[in-house]
Amino acid sequence: MSQADLNESTDPAQRAAQQAAQLRAELHLHAHRYYVLDAPSIPDAEYDRLFQALQAIEAAHPDLLTADSPTQRVLGRVLDGFTPVRHAVPMLSIRTETDTEASGATSFDARVRRELELTDDAPALEYNAELKFDGLAMNLRYERGVLVQAATRGDGETGEDVTQNIRTIGQIPLRLHLAPGETAPEVLEVRGEVYMRRDDFEAMNERQRQAGDKTFVNPRNAAAGAVRQLDPSIAARRPLSFYAYGVGEIQGWQQPDTHSGTLDALQAMGLPVCADRVVAHGSDGLVTFHQAMGVRRDSLPFDIDGVVYKVNSLDLQRRLGFVSREPRWAVAHKYPAQEQMTLLQDIDIQVGRTGKLTPVAKLQPVFVGGTTVSNATLHNEDEARRKDVRVGDTVIVRRAGDVIPEVVGVVLEHRPADVGGPFDLYKQLKGVCPVCGSAIAREEGEADWRCTGGLFCPAQRKQAILHFAGRRAVDIEGLGDKLVDQLVDSGTVLSLPGLYKLGIAKLASMERMAEKSAQNIVDALEKSKHTTLPRFLFGLGIRQIGETTAKDLARHFGSLDRIMDASVEQLLEVRDVGPIVAQSIRTFFDQAHNREVVEQLRAAGVHWDESEGAAAEQGPKPLAGKTLVLTGSLPMLSRDQAKELIEAAGGKVSGSVSKKTHYVVAGEEAGSKLDKARELGLTVLDEAGLMALLAADEGHSLP
Ligand code: IVH
């Protein structure tokens, strides 16, 4: 706003009115750029400054306040209830097709053609295909361009006035945008869906959790709760969004003659309209849209439960009319539901590979997200308690995409009188691991309970064996996961020392094992017996002990016995060993069976040179024999730093990409070397990937 504009009038009251109008116009524009176009042109602080300037003027001149002022978005009073609103034009529902196959689209097209008495050779009909947003329907009433009322659908005839909550949605224009010279429609009701984006939902739930408040089951429920929130200041903190998909009452507006044209016009007036819509021809076009959106469903930023097909011509829509409360010209073609209700029959506790104890809901089987689900994760004890799930409850299960099914909440209205008590993992397990009977523990600040059984627990045994046999541990070549699965499942190997009792005959009796490969394993076992203290220590798989810590411990104490007997205080003297690591070592060696495993391994012949092994071990070279090429600039490391690190890890840095290159590390503005790498199908890493290779601390072998 220029000084000249502000000075136009000398009458103070008139000048304030001009300023307020100007500020409002600017704020409307910037709010639209920010919320709808996602392309702000001024910094937030500048927006705040304009906003505060307007607030100040309105405070000094209350008569200047208008319903469409941006300052009115967040204001309002706590309500006792919502006022009923009778819809000028009823809010209808749409017929739903639940077929997962194309037939939903073809039968709709066939029905419409029949109703319109079209012959088979008549050209394909034009439809508008759009998304079926999973939120709640809303009617926005604009009078002479100003938002005067927002109402829920209610029973279709009468809804509720939720204007003050809807005003808080930044995307909804408080005043319609009009082209220069264009007059505002006398009345324009815009219909659409209020919803919550998935990221906004997650962030909001996280805030609720932090504050110890109740979390919401899904974005739809959260949105519905926010819309019907009586305290507008709470509603303002619930991040809602809106998409327009139609119109209600119209007076004094020349509506375009198609549905797609109407959506374009609404968009031009500043209303958010989803870009994922197409004008489709015939049932083929509809089928294509249904399939394409089905594929994209899980990667959209918001939930949809299907797609909607609408006859595009308004003239044809009028000819088709309605049957009961549903238009004949529209249909919702749903996708398989991703949430279902079912009975929680029991809560099992599974032992993961690192001893993590996960509560798993045992459900009455239910068809959800395209498959029958009878188990769903409850994540951990805190989550289960927060959701207050109890055996006997009716719960909501969600399965979206390939994600493991989860219990998202309880339907409290269906809770039976004889429901079980609150979930208590420790009590349920009586303090011991369900697989091996070892004590369970939950460290402070951790979400998970764990079995302390370590090497003794069969559920952890496979992983423990693979870790011990890993290249950076004692390195038993050829002992892969398929073989380990067989050895453990058949009861052949019950613990690490059992590995060294394996003979050729036993090994050769395993699936896909020939005499020759059995012999190779036996040789590899023999070779692995001569190791180093850091490798052995790392191989034991003590939580928190990576290769570096293992080396530091070996160097500091010089012998395994001294490490096993060290107190927490003594362990804390080691470089980079903190209380958590020290306690983890202590806990491990306090378990008699872990000490026994160590003794049996030694008895089997596993040995190392303590004096030399401890001090001289340079550490394995994770990049030995590998050639890397660096291209582009990395976020943290300079070219030289990256080179130094690679070389220290035994790797070689080359200036050009060839078939002999093992890895290409690409940063910002990587050029032709990256293209060449892609052409050759080489492994391309970013800086984090390089760091992971270098650290390679957790026993994973390199690709
Ligand atoms: S059109 C006369 N279009 O689905 C047709 N509805 O039963 C009126 N919905 O709760 C509705 N996305 O809120 C239409 N693109 C869309 C929609 C949509 C979601 C909801 C609507 C209502 C239900 C229709």
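If you're wondering where the values come from, they're calculated on a predicted model, not measured in any experiment.

A. Main features of the overall build of the protein chain. In terms of helices and strands, the protein chain carries 28 helices and 26 strands. Relative to the 2.2 N^0.38 estimate, which gives 27 Å for 703 residues, the radius of gyration of the protein chain is 33 Å and therefore markedly larger than a compact globule would have. Over its C-alpha atoms, taken along the principal directions, the protein chain stretches across nearly 95 × 65 × 60 Å. Every one of the 703 residues in the protein chain was classed for burial, and the buried ones make up 48%. For the protein chain, contacts bridging at least 24 residues in sequence account for 66% of all contacts bridging at least 6.

B. Spatial organisation of the packing of aromatic side chains. Taken as a whole, this structure holds 13 aromatic pairs when the rule is applied. On the basis of an interplanar angle of 70° and a centroid distance of 5.6 Å, the ring pair of tyrosine 243 and phenylalanine 302 is categorised as edge-to-face. Of the two residues, tyrosine 243 is situated in strand E8 (residues 241–251) and phenylalanine 302 in the loop between helix H10 (282–296) and strand E10 (304–311); the sequence distance between them amounts to 59 residues. When its relative accessible area of 4% is taken as the criterion, phenylalanine 302 is described as buried. Taking 6.2 Å as the distance between ring centres and 80° as the angle between the ring planes, the aromatic pair formed by phenylalanine 468 and phenylalanine 536 counts as edge-to-face. Residue phenylalanine 468 is found in helix H14 (residues 458–469), and its partner phenylalanine 536 is found in helix H19 (residues 533–539); the two are separated by 68 residues along the sequence. Among the aromatic residues, those joined into a cluster by ring pairs are Phe133, Tyr195, Tyr243 and Phe302.

C. Seen up close, the packing of helix H4 (residues 103–115) against H10. Contact geometry of H4 with H10 gives a least axis separation of 9 Å together with a crossing angle of 150°. Compared by their axis directions, H4 and H10 come out roughly antiparallel. Relative to H10, H4 is oriented so that their crossing is right-handed. Along its contact with H4, which presents Ala105, Thr106, Phe108 and Asp109, the element H10 presents Gly282, Ser283, Leu286 and Val287. In terms of residue class, the contact of H4 with H10 is made up of 4 nonpolar, 3 polar and 1 charged.

D. Fine view of the sheet that holds strand E26 (residues 683–685). Taking strand neighbours across the sheet as the criterion, the 4 strands line up as E24-E23-E25-E26 in an open arrangement whose pairing is parallel. Here the strands that pair on one side only, and so sit at the sheet edges, are strand E24 (652–654) and E26. Each adjacent strand pair in this sheet contributes to an overall mean axis angle of 35°, direction not counted. Here strand E23 (residues 627–631) pairs with strand E25 (residues 663–666) via 4 bridges, running parallel. Looking at E25, one finds that threonine 631 is bridged to alanine 666. Of the strands in this sheet, E23, E25 and E26 touch helix H28 (residues 687–695), which is tilted by about 105° from E26.

E. Main features of the site of the ligand. In the vicinity of the ligand lie 14 residues, with Glu130, Leu131, Glu193, Tyr245 and Lys310 positioned nearest. Contacts to the ligand include glutamate 130, whose side-chain N or O atom sits 2.9 Å from a nitrogen atom. In isolation the ligand offers 520 Å² of accessible surface; the protein chains occlude 86% of this area. For the shell around the ligand, the secondary-structure elements that each account for two or more residues are strand E3 (126–133) and E10. Among the elements that make up the shell around the ligand, the one with the highest residue count is E3 (4 residues). Its residues assigned to classes, the shell around the ligand comprises 9 nonpolar, 1 polar and 4 charged.

F. Quick look at the confidence of the model for the protein chain. Scored by pLDDT, the protein chain has a mean of 88; 94% of the residues are at 70 or more. Low pLDDT, under 50, characterises residues 1–7; the predicted model gives this stretch 9 contacts beyond four residues in sequence or across chains.

G. Structural context of the environment of glutamate 97. Tracing the backbone through its elements, the reader meets glutamate 97 in strand E2 (residues 95–97). Spatially, the C-alpha atoms of glutamate 97 and serine 107 are 9.3 Å apart, while their sequence positions differ by 10 residues.

H. Here's a closer look at the environment of leucine 630. Positionally, leucine 630 belongs in strand E23. When the C-alpha atoms of leucine 630 and alanine 642 are compared, they prove to be 8.3 Å apart, with 12 residues separating the residues in sequence. Setting aside chain neighbours within four positions, we find leucine 630 in contact with Arg639, Ala642, Lys643, Ile646, Val653, Ser654, Val665 and Lys673.

I. Quick look at the sheet that holds strand E5 (residues 146–152). Reading across the sheet, the 4 strands line up as E5-E4-E7-E8 and stay open at both edges, with antiparallel pairing between neighbours. Each having just a single partner strand, E5 and E8 make up the two edges of the open sheet. Neighbour-to-neighbour, the strand axes of the sheet open up by a mean angle of 25°, direction not taken into account. Bridge count between strand E4 (residues 136–143) and strand E7 (residues 187–195): 8 bridges; the pairing is antiparallel. Note on E7: the bridge partner recorded for leucine 136 is valine 194. Sheet strands touched by helix H7 (residues 219–227): E4, E5 and E7. Its angle to E4, the strand with the most contacts, is close to 40°.

J. Summary view of the nonpolar core. Ile476, Leu499, Leu553 and Phe589 are the most contacted members of the largest nonpolar core, which has 53 residues in total. The dominant element in this core, judged by the number of residues it contributes, is helix H23 (residues 579–590), at 5 residues. The contacts of leucine 553, once residues within four sequence positions are left out, are Leu537, Ile545, Gly558, Ile563, Leu571, Val574, Val577 and Ile585. Counting 35 residues, the second-largest nonpolar core is a separate cluster that includes Met196, Phe201, Ala222 and Leu266.

K. Examining the pairing of strand E15 (residues 356–368) more closely. In this structure, strand E14 (residues 339–351) lies alongside E15, joined through 7 bridges in antiparallel fashion. Bridging across to E15, valine 351 finds its partner in leucine 357. The sheet contact formed by E15 and strand E20 (residues 449–451) spans 2 bridges and is antiparallel. Looking across to E20, one finds that lysine 356 is bridged to arginine 450. Strand direction decides the pairing type here: E15 and strand E16 (residues 371–377), joined by 6 bridges, are antiparallel. Within E16, the position partnered with valine 368 by the bridge is threonine 371. What sits between the antiparallel neighbours E15 and E16 is a turn of 2 residues, in which glycine 369 has the positive phi angle 60°.

Reading guide: rules and limits
- Residues numbered from 1 in each chain as written.
- Predicted model: local features only at pLDDT ≥ 70, side-chain atom pairs only at ≥ 80, totals over all residues.
- Heavy atoms only, no water.
- Helix = DSSP H or I, 4+ residues; strand = E, 2+ residues; numbered from the N terminus.
- Rg over C-alpha atoms; globule rule 2.2 N^0.38 Å.
- Buried < 20%, exposed > 50% of the residue type's maximum accessible area, 1.4 Å probe, protein only.
- Contact = heavy atoms within 4.5 Å.
- Phe/Tyr/Trp six-rings, centres within 6.5 Å; stacked < 30°, edge-to-face > 60°.
- Axes fitted to C-alpha atoms, helices over the stretch in contact; angles between N-to-C directions.
- Parallel < 35°, antiparallel > 145°, perpendicular 65-115°, else oblique.
- Left-handed = near helix turned anticlockwise from the far one by under 90°.
- Nonpolar A, V, L, I, M, F, W, Y, C, P; charged D, E, K, R; others polar.
- Pairing = 2+ DSSP bridges.
- Near = heavy atom within 4 Å.
- Polar contact = N/O pair within 3.5 Å; in protein donor to acceptor, adjacent residues only side chain to side chain.
- Areas by Shrake-Rupley, 256 points an atom, 1.4 Å probe, with all protein chains shown as cover.
- pLDDT = per-residue confidence, 0-100.
- Core = buried A, V, L, I, M, F, W, Y, C linked by side-chain atoms within 4.5 Å.

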